[in-house]
Amino acid sequence: IDKEDPKKRGKDVCGYPLSIFFIVVNEFCERFSYYGMRAVLVLYFKYFLQWDEDLATSIYHTFVALCYLTPILGAIVADSWLGKFKTIVYLSIVYTIGQVAMAVSAVHDITDSNRDGTPDNMTFHVALSMVGLFLIALGTGGIKPCVAAFGGDQFSEHQVRLRTFFSVFYLCINGGSLLSTIITPILRGQECGIYSQQKCYSLAFGVPAALMVVALVVFIVGSGMYYKAEPEGNIMLDVCKCIGFAINNRYRHRSNQYPRRQHWMDWAEEKYDKLLIAQIKMVLKVLFLYIPLPMFWTLFDQKGSRWTLQATTMNGYFGKLVIQPDQMQIFNPILILTLVPIMDSVIYPLIKKCGFNFTPLKRMTVGMFLAAMAFVCAALVQVEIDKTLPVFPSASQSQLKLLNMGSSAVTVNLPGNESLTLNASDKYFTFETEQIIVSVGSPGMTQAIFLKRKSRQTLLIPSVISNECNNLCKQYYSFLAIFSFLMIRTKFSLLSGSQSCEYIKDFGFGGSYTFFIPSTFVFGPDCQDSITVVEDIEPNSVHMALQIPQYFFITAGEVMFSVTGLEFSYSQAPSNMKAVLQAGWLFTVAIGNFIVLIVAEIAKLPNKWAEYVLFASLLVLVCIIFSTMAYFYTYIDPSEIEDQFSKKVDEDEDDKDKREKAEIKMVRRDSAESYDDSYKQSNM
């Protein structure tokens, strides 16, 4: 090892330290693992754990919020105690255990004792998945601030590829996100199981878990090549201590007998350096602008929850290509990779040539407005979806559908409706009473039908109506119908000994179907003609392509808000305070996800489109507040302020040296005068 350069531990490849390639592969696998698991998470909550949409959304955003709170803890542990390498390894192990726990929690056969495809002990699955999500939040958040910084530590002064490394690093983040968002929904759509075949959430979580194992192994393999800096303390702790001392000192000197100071942070001068206090003042000035920012993240992160649930009620058939509801999120990384270079090389220079001073704060304001526009688009899409959704009975209502099993039309009389002549009916009739009188045929056969509240039922009218049997048949269906996510052609096989009959049916997104096989069914070449198919719920007719505009607006808003926001923050704060601003930025993301829970619980709006409009309105209001704050903000150059303090310190040192020299001269002169006096006295 070169003693003069401890970072030079191995060969350089294309100007990069060899160790960098292990870190880049680790980051790609970790991001694939995280975004792959997160892509299918809200659907796992709704369709495997059988939670309603509000609870699924709440737990999803609680998890995301924790993922953005734990980076602060990870940075403190790495800088003050374990160091970056050990922190990444230990928390990656925790991360991997969490991913494995999620995969195991999605295996329905573990508690499916009666083998009907539904877990019998849902508490086990819920508890294991919550433990897994907590470990994942601790792991992914804890290593988030460490990996990029650890990669930067590997470069020495003679290696000029540091900036290119960060570009490659963030390309891996978006690449992992893009691929995982495509692949894991496909895995979820497969059917797997030991005793019964169900949607394969265990595979959708298992592949990300395997990628996390790969990420951990790859990172450890490169251990001997890494430069591992010793912990030097975390600036956030120093900042917090300084702020705490200033507040405490100001409180102790709150009496009017003590003179006021220009800034409340000046009360820390008794203990802390003036340069540190000035740097904290600059950071606090930026953090004050962060106050309205969480509202942007409130809207942005709903693309993984509300928007995914919205896509489940839409048609994802793009020609021969079938897009899953949770795959619509791929438009975000695709648009990011497209819009960032367009903004930097075309849009911003064009605006500058037009003579408009498009400052970073103005860009952030426009980004917030674009996010609000995205939710207006989502509301308009939801209005179109609501027009096609079935109207289910309320708690005091029942619904009944009539199905004629005969080949000829029959006349049916229902309470509150005119006489109906039908072959088959796709219409549900709504009743407020629990018992109705139904008359069928002419002359009519009358029968009392008892209905179940808050449910849909089907009344089967047989081909031969016997007064003796009084055989009007009624079938009940669960109020929460199971929707088909796939628009695929499915083949059914009816088997009886050596005989078989194949029936092919195209299923649509969100459709619900019932198949009736008559007792007179006969195997043969035309056997499928005797099977009756009833469409209980129509397939989704609103196309998923209508979601593309809202993804475009939210991604354009992200590029103008997030990228510009970090750039502005770093330009307005001292170089040694970047970690503080990064922590503050991640904290706004966490708070934004908590706001989703608060607004959703308080508002309790019956219509989803109204909730989208509410969020858009709140962001527009916050956008106005932020633009007002930005108008009064004065841009600064932190380096100039630090140079002023450095010059002042140098001048103070020069003055001190001059005073010391003057004192030495005075001492020498006094010594000379005392010598002359003593000489004269001795002569006398």
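As the structure is a prediction and not an experimental result, all values here were calculated from the model.

**Some remarks on the overall build of the protein**
Then comes step 1: A count of helices and strands for the protein gives 17 helices and 18 strands.
Then comes step 2: Out of the 684 residues belonging to the protein, those deemed buried represent 46%.
Then comes step 3: The contacts of the protein with a sequence gap of at least 6 include a subset with a gap of at least 24, amounting to 73%.
Then comes step 4: A total accessible area of about 34600 Å² is found for the protein, and carbon and sulfur atoms account for 60% of it.

**Description of the state of the cysteines**
Then comes step 1: Counting across every chain of the model gives two disulfides.
Then comes step 2: The residue that forms a disulfide with C192 is C200, at a sulfur-sulfur distance of 1.9 Å. Here the disulfide of C192 and C200 is right-handed, its torsion about the S-S bond being about 100°.
Then comes step 3: The partner cysteine of C501 in its disulfide is C527, sulfur to sulfur 1.9 Å. Judged by the sign of its S-S torsion, about 95°, the cystine formed by C501 and C527 is right-handed. With C501 in strand 16 (residues 499–506) and C527 in the loop between strand 17 (512–516) and strand 18 (532–537), the pair connects residues that are 26 residues apart, well separated along the chain.
Then comes step 4: When the bonded cysteines of the protein are counted from the start of the sequence, the pairing works out to 1-2, 3-4.

**A word on the nonpolar core**
Then comes step 1: Ranked by size, the top nonpolar core spans 133 residues in total, and within it L41, Y44, F45, F63 and F205 carry the most contacts.
Then comes step 2: If one sorts the elements of this core by residue count, helix 13 (residues 360–388) sits on top with 12 residues.
Then comes step 3: The contacts of L41, once residues within four sequence positions are left out, are Y60, F63, M102, L133 and F205.
Then comes step 4: L402, L422, I436 and I461 belong to the second-largest nonpolar core, a separate cluster that totals 15 residues.

**Points about the packing of helix 13 against helix 14 (residues 548–571)**
Then comes step 1: Packing of helix 13 against helix 14 leaves a shortest axis separation of 7 Å and a crossing angle of 160°. The angle between helix 13 and helix 14 falls in the class roughly antiparallel. Helix 14 is crossed by helix 13, and the crossing has left-handed handedness.

**Focus: the pairing of strand 11 (residues 435–440)**
Then comes step 1: Bridging between strand 8 (residues 410–413) and strand 11 involves two bridges; their strand directions are antiparallel. When the bridges of strand 11 are listed, V412 appears paired with V440.
Then comes step 2: Bridge count for strand 11 against strand 12 (residues 445–450) is six bridges, and the pairing is antiparallel. Across the sheet, residue V440 finds its bridge partner in strand 12, namely M445.

**Topic: a nonpolar patch on the surface**
Then comes step 1: A surface patch of nonpolar side chains, amounting to about 290 Å² of accessible area, comprises V100, V104, I110 and F124.
Then comes step 2: Positionally, I110 belongs in the loop between helix 4 (84–105) and helix 5 (122–153).
Then comes step 3: The exposure class assigned to I110 is partly exposed, which follows from its relative accessible area of 44%.

**Structural notes on the environment of A127**
Then comes step 1: Its location among the elements puts A127 in helix 5.
Then comes step 2: Note on A127: relative accessible area 41%, which makes it partly exposed.
Then comes step 3: Sequence separation of A127 and S105 is 22 residues, and the distance between their C-alpha atoms is 8.4 Å.

**Thoughts on unusual backbone geometry**
Then comes step 1: With a phi close to 60°, Q50 is a non-glycine residue in the positive phi region.
Then comes step 2: Looking at where Q50 falls in the secondary structure, it is placed in the loop between helix 2 (41–48) and helix 3 (53–82).
Then comes step 3: Relative accessible area serves as the criterion here: at 53%, Q50 is assigned to the exposed category.
Then comes step 4: The residue K454 is not glycine, and still its phi comes out positive at about 55°.
Then comes step 5: If you trace the backbone, K454 turns up in the loop between strand 12 and strand 13 (456–461).

**A few points about the packing of aromatic side chains**
Then comes step 1: Scanning all chains against the criterion turns up 35 aromatic pairs.
Then comes step 2: Taken together, Y44, F45, F48, W51, Y201 and F205 form an aromatic cluster joined through their ring pairs.
Then comes step 3: One residue, R115, lies across the ring of Y195, its end atom 3.8 Å from the ring centre.

**Focus on the packing of helix 13 against helix 16 (residues 608–631)**
Then comes step 1: Their axes nearest at 8 Å, the elements helix 13 and helix 16 cross at an angle of 170°. Taken together, the axes of helix 13 and helix 16 lie roughly antiparallel to each other.
Then comes step 2: Its residues assigned to classes, the contact of helix 13 with helix 16 shows 22 nonpolar, three polar and two charged.

**Brief notes about the pattern of salt bridges**
Then comes step 1: A full pass over the atoms with the stated rule returns 11 salt bridges.
Then comes step 2: Residue K281 pairs with D266 through a salt bridge whose shortest N-O separation is 2.7 Å. Here D266 lies in the loop between helix 8 (235–252) and helix 9 (274–289) and K281 lies in helix 9, a separation of 15 residues in the sequence.
Then comes step 3: Taking the relative accessible area as the measure of exposure, D266 reaches 8% and is therefore buried.

**Some words on the environment of I385**
Then comes step 1: Assignment of secondary structure puts I385 in helix 13.
Then comes step 2: Residue classification places I385 among the buried residues on the basis of a relative accessible area of 0%.
Then comes step 3: With 155 residues separating them in the primary sequence, I385 and N540 have C-alpha atoms 8.2 Å apart.
Then comes step 4: Excluding anything up to four places from it in sequence, I385 contacts Q310, T313, M314 and V542.

**Considerations on the confidence of the model for the protein**
Then comes step 1: Mean pLDDT for the protein: 82, with 85% of residues reaching 70 or above.
Then comes step 2: Strand 14 (residues 473–477) is the least confidently modelled element of the protein, averaging 43 in pLDDT, while helix 10 (residues 294–300) averages 95, the highest of any element.
Then comes step 3: The low-confidence segment residues 678–684 (pLDDT under 50) makes zero contacts with residues lying over four places distant or belonging to another chain.

Criteria and thresholds
- Residue positions are given per chain, counting from 1 as you read along its sequence in written order.
- Totals for whole chains, interfaces and linings use every residue, but because this is a predicted model, local features are given only for residues with pLDDT of at least 70 and side-chain atom pairs only at 80 or more, for both listing and counting.
- Each side-chain value is worked out from all heavy atoms of the structure, with water and hydrogens disregarded.
- The helix count covers DSSP runs of H or I at least four residues long, the strand count covers runs of E at least two residues long, and both are numbered beginning at the N terminus.
- Under the scheme applied here, a residue whose accessible area is under 20% of the maximum for its type counts as buried, over 50% as exposed, and between as partly exposed, the area being computed with a 1.4 Å probe on protein chains only.
- Any two residues having at least one pair of non-hydrogen atoms within 4.5 Å are treated as being in contact.
- Using a 1.4 Å probe, accessible areas were evaluated by the Shrake-Rupley method; residue-level cover was limited to the displayed protein chains.
- What counts as a disulfide here is a pair of cysteine sulfur atoms lying within 2.5 Å.
- Definition of nonpolar core: a set of buried residues of the types Ala, Val, Leu, Ile, Met, Phe, Trp, Tyr and Cys, connected through side-chain atoms within 4.5 Å.
- Every angle, taken between N-to-C directions, lies between 0 and 180 degrees, and every axis is a line fitted to C-alpha atoms, over only the stretch in contact when it is a helix.
- Orientation labels follow simple angle bins: below 35 degrees gives roughly parallel, above 145 gives roughly antiparallel, 65 to 115 gives roughly perpendicular, and whatever is left gives oblique.
- Helix crossings are classified by the rotation of the near helix relative to the far one: an anticlockwise turn of less than a right angle makes the crossing left-handed, while a clockwise turn makes it right-handed.
- Note on pairing: two strands pair once DSSP finds at least 2 bridges between them.
- Note on patches: the residues involved have over 30% relative accessible area and no salt bridge, like charges join within 9 Å, and the nonpolar side chains Val, Leu, Ile, Met, Phe, Trp and Tyr join within 5 Å.
- Whenever a carboxyl oxygen of Asp or Glu lies within 4 Å of a side-chain nitrogen of Lys or Arg, that contact is scored as a salt bridge.
- By convention, a stacked pair of Phe, Tyr or Trp rings (six-membered ring in the case of Trp) has centres within 6.5 Å and planes under 30 degrees apart, an edge-to-face pair has planes over 60 apart, and any other such pair is tilted.
- Both a distance and an angle decide whether a charge sits over a ring: NZ of Lys or CZ of Arg must be within 6 Å of the ring centre and within 35 degrees of the ring normal.
- Polar here means any residue other than Ala, Val, Leu, Ile, Met, Phe, Trp, Tyr, Cys and Pro, which are nonpolar, and Asp, Glu, Lys and Arg, which are charged; Gly is therefore polar.
- Values of pLDDT, the confidence the predictor places in each residue, fall between 0 and 100.

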